[in-house]
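# Overview (structure and organization)
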Amino acid sequence: MSDTLRLPRIQRRRHFKSMVANGIIMIFAGMAILPLIMVFSYITSSGLPSLNLDFFVKLPAPAGETGGGMANAIAGSVLMVVMSGVMAIPPGLLCGLYIAEFPRQKLAGALRFVIDLMTGVPSIVIGLFAYATLVVPLGGFNAFAGSAALAIIMLPVVSRTTEEILRLIPSQLREAGLALGLPRWKVLLRLIMRAGRSAIATGVFLAIARASGETAPLLFTSFNNQYWSSSLSEPVASLPVQIYTYAISPYEEWHRLAWAGSLVLVSVVFTINLMSRVLLKRSSN
Amino acid sequence: MQNLETSIIAAEGISAWYGNHRAVENINLDVKSGDVLALIGPSGCGKSTFLRCLNRMHEEIDNTRVEGRVLYKGEDIYGEDVDPVAVRSCIGMVFQKPNPFPTMTVAENVAAGLRLRGGFSRSEIDGMVEAALRKAALWDEVKNKLRAPGTSLSGGQQQRLCIARALAVQPEVLLMDEPTSALDPISTGRIEELMTELKKSVTIVIVTHNMQQAARISDQTAFFLMGKMVEHGDTEQIFNAPAREETENYISGRFG
């Protein structure tokens, strides 16, 4: 090869350094996703053998007996997550809208601060709060208290995402709406919210995923229940609490079911996350 | 004083601020019904700010203030009980950058003002959408893609879509803030043609940096400089025999 076609020495050195740097970055990236892969594969290998139709349709079996499932816990989780969504999503959306659109108002600044604080409150504290305000006065563990605790966890997440998305919407859209002679509330609710709807939906999904996996706020609010319950004033089983109860029990059979429950829970959360990504991607195209 | 017979908008002593900076100083200007009035002047001279004072859009920016009166058909739009929403539905606006609503189709964009205001049936809206698109000379190009996203149109079509959207709510005055500055010459030409057609039904106030454009399309021209209105008169007179030296200098390209 003639000399003119070969990289000069200094360029070869740069090339080498670049490869080393790339290699280091890849190693660290691998370290970052390694825990996720390990958790997922471990849960799958431990949970999958115990996962069968019974798990989804049967009630828990009494201690000592084999078989049984977590059907009531799955139903309870769905019930409480839906309830908490109903309680948290509309105010969360409006909160985020208000903070994003009226940043100069004092109340908006205060609200933003409160929302930030709420994001940082440990979920066990939220559970305690719900216990003190909704369990003790109502005379016992109940599904409503559990839903309320989950709602308190969801609300700041929904509000923050809504706010962040709305800030990205160009002000020309607001002006376009106002210049059509539309009142501000219609511009905000029907035009601006609509322009950000899929990104906001992503935030809502993430909040739902977060609430689905919470255990601490449910431990002393909705507590647990070995049977079916659809009453909001009764204790109700939920997937995370059932996993917790089974995991700390001395029975091998219950441990197996706890693994199966974990697999279901992780898959649900994973699916919701994935769905929201797809949604976001579709909307940005 | 305003001559109610002919002028539809009369600005009286309008000043406008951004914080402590006064961008527009004491403007008195009449717009005759059915005219096209062009506001010209170098960047930062306050012409866009003044335009936004005419339908109360200036106050939508944080920390701004307006003083003076703007009479629309004799009534002060800055009066105490006046609803800016009502003002803007009579005095519409088209912006520099085409800004169709991104999640809406072509037809939904045009219908947005009507639909959100309410009180029209679906078939009424369909008719008004077609009428507005025809007025904006866009119907033939989009009649087969009414359900395509508004943002899928070309830049010039998007701007005409925005004009159609503004026209659909049937304003009597249309304020246009450099509507062609983001467009190529062919799209610009189409919008200019459109304006000469539109002036039969609406009064137009247009801010433009393009002096040939002002000369081609306007009946009246006002020249702004550093927040003040230097001169206002018939377009022919302003371009052929300006009374003030600053106007002459600007028009002949000696500055700005």
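Residues numbered from 1 in each chain as written. Chains lettered and ligands numbered in written order. Predicted model: local features only at pLDDT ≥ 70, side-chain atom pairs only at ≥ 80, totals over all residues.

### Topic: the overall build of chain B
Test applied: Runs of H or I in DSSP of at least four residues are treated as helices and runs of E of at least two as strands, each being numbered from the N terminus. Only C-alpha atoms enter the radius of gyration, while the globule expectation follows 2.2 Å times N to the 0.38, with N the number of residues. Burial is judged by counting the other C-beta atoms within 10 Å of a residue's own C-beta: 20 or more makes it buried, 12 or fewer makes it exposed, and any count in between marks it as partly exposed, with every C-beta position built from the backbone. Any two residues are considered in contact once their C-beta atoms, placed from the backbone, lie within 7 Å.
Within chain B, the regular secondary structure consists of ten helices and ten strands. The C-alpha atoms of chain B give a radius of gyration of 18 Å, which matches the 18 Å a tight globule of 256 residues would have. Principal-axis analysis of the C-alpha atoms places the extent of chain B at approximately 55 × 45 × 35 Å. Buried positions account for 47% of the 256 residues belonging to chain B. Considering only contacts in chain B between residues 6 or more positions apart, those separated by 24 or more positions represent 69%.

### Structural notes on the nonpolar core
Defined as follows: By our criterion, buried Ala, Val, Leu, Ile, Met, Phe, Trp, Tyr and Cys residues that link up through C-beta atoms within 7 Å make up a nonpolar core.
Among the nonpolar cores identified, the biggest contains 147 residues, and Met154(A), Leu39(B), Val110(B), Ala164(B) and Val205(B) are the most heavily contacted of them. With near-sequence residues (within four places) excluded, Ala164(B) lies in contact with Val110(B), Ala132(B), Leu133(B), Lys135(B), Ala136(B) and Leu138(B).

### Observations concerning the domain arrangement of chain A
All names here are of chain A. Under the convention used in this document: Each domain's limits were defined by an automated method or a database of domain assignments. Residues are grouped as follows: nonpolar covers Ala, Val, Leu, Ile, Met, Phe, Trp, Tyr, Cys and Pro; charged covers Asp, Glu, Lys and Arg; every other residue, Gly included, is treated as polar.
Here chain A is partitioned into domain 1 (3-50) and domain 2 (53-284). Here the C-alpha centroids of domain 1 and domain 2 sit 35 Å apart. Listed as interface residues are seven residues of domain 1 and, on the opposing side, seven residues of domain 2. Taken together, the residues of the side of domain 1 that touches domain 2 sort by class into three nonpolar, four polar and no charged.

### Quick notes on the sheet that holds strand β1 (residues 7-18) of chain B
Residues and elements named next belong to chain B. Counted only if it meets this: At least two DSSP bridges between two strands are required for those strands to pair.
If you walk across this open sheet you meet the four strands as β2-β1-β4-β5, and the pairing is antiparallel. Across the chains shown, the open sheet's two edge strands, defined by having one partner strand only, are β2 (21-32) and β5 (75-76). Across eight bridges, the pairing between β1 and β2 is antiparallel. Bridge pairing in β2 places Ala16 opposite Val24.

### Examining the pairing of strand β9 (residues 220-225) of chain B
Residues and elements named next belong to chain B. Across the six residues that make up β9, a large majority, six, are buried. Residues Gln220, Ala222 and Phe224 of β9 are buried on one face, and the alternating residues Thr221, Phe223 and Leu225, pointing to the opposite face, are buried as well. Bridge count between strand β3 (residues 36-40) and β9: four bridges; the pairing is parallel. For Leu37, the partnering residue across the bridge sits in β9 and is Gln220. Direction of pairing for β9 relative to strand β10 (residues 228-234): antiparallel, over a ladder of six bridges.

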